[in-house]
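Residues per chain, in single letters:
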Amino acid sequence: MATTQPIRNKNQIRALADYYLHKGQLRNQVLIVLGAHTALRISDLLRLTWDDVYDFERGRVRACFSVTEKKTHKTKTIALNKTAISALAILAIQAAQKGRFLIENPNTRKAISRIQAYRLIRAAAEALEFESRVSCHSLRKTFGYHAWKSGVSPVVIMEIYNHSSLAVTRRYLGVTQDDKNAVYLSLNLFNCA
């Protein structure tokens, strides 16, 4: 059984979200953007409602929101970056309604299923000819991988993921030999040419 991997190339992450943006399928774009920027499990992402992320009194996307994770029953607060806020703001124009799911099936007014989310992500990855296996969980792993690559401590990433150990987080990061080689080659303790 193949393990899903993080999307290591930032251009591929953007292409994955833009795939649905260019098709005018803003809900699907938001699924990918939030999946990659919040580190939420797909089960938690699909349970989000507009009430969670949108301030109806002020008519704008919230800067942060809280969610109780289904798996761990722990509450976490998530700050939304500019990319996530922008994607949500565009979708809000046509879809924000109190009590409605964020990633909603318009026919049933229920959240889309995990299987449907997987199919949407896989369809975009296949259309873009990604070589590695991409799934819903890839988005969660992508968050940690890029946080780690940008210098965030694995301990902080472990806390964000609500992992019980650093060993679990290390597996999530998907560190490859190329990542290790880059560290060896970039470190110069003696300033030698």
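Above this note sits the structure.
Here's what I pulled together on the structure shown here.

### A word on the side chain of Arg41
- Relative to the helices and strands, Arg41 is located in the loop between α2 (26-38) and α3 (42-46).
- When sequence neighbours within four positions are dropped, the list of residues in contact with Arg41 reads Glu69, Lys71, Thr72, Arg140 and Tyr161.

### Here we look at the pairing of strand β4 (residues 75-79)
- Along β4, the buried face is formed by Lys76 and Ile78; none of Thr75, Thr77 and Ala79, which line the opposite face, is buried.
- Pairing of strand β3 (residues 64-68) with β4 involves five bridges; the strand directions are antiparallel. Looking across to β4, one finds that Phe65 is bridged to Ile78.
- In sequence, β3 turns back onto β4 through a hairpin of six residues, with His73 there showing a positive phi of about 65°.

### Some remarks on the packing of α2 against helix α5 (residues 82-95)
- In contact at an axis separation of 9 Å, α2 and α5 are set at 155° when each is read in the N-to-C sense. On the basis of their axis angle, the class for α2 and α5 is roughly antiparallel. Where α2 crosses over α5, the handedness of that crossing is left-handed. In this structure, α2 uses Leu26, Arg27, Gln29, Val30, Val33, Leu34 and His37 to contact α5, whose residues at the interface are Thr83, Ala84, Ala87, Leu88, Ile90, Leu91 and Gln94.

Definitions and limits used
- Residues numbered from 1 in each chain as written.
- Predicted model: local features only at pLDDT ≥ 70, side-chain atom pairs only at ≥ 80, totals over all residues.
- Heavy atoms only, no water.
- Helix = DSSP H or I, 4+ residues; strand = E, 2+ residues; numbered from the N terminus.
- Contact = heavy atoms within 4.5 Å.
- Buried < 20%, exposed > 50% of the residue type's maximum accessible area, 1.4 Å probe, protein only.
- Pairing = 2+ DSSP bridges.
- Axes fitted to C-alpha atoms, helices over the stretch in contact; angles between N-to-C directions.
- Parallel < 35°, antiparallel > 145°, perpendicular 65-115°, else oblique.
- Left-handed = near helix turned anticlockwise from the far one by under 90°.

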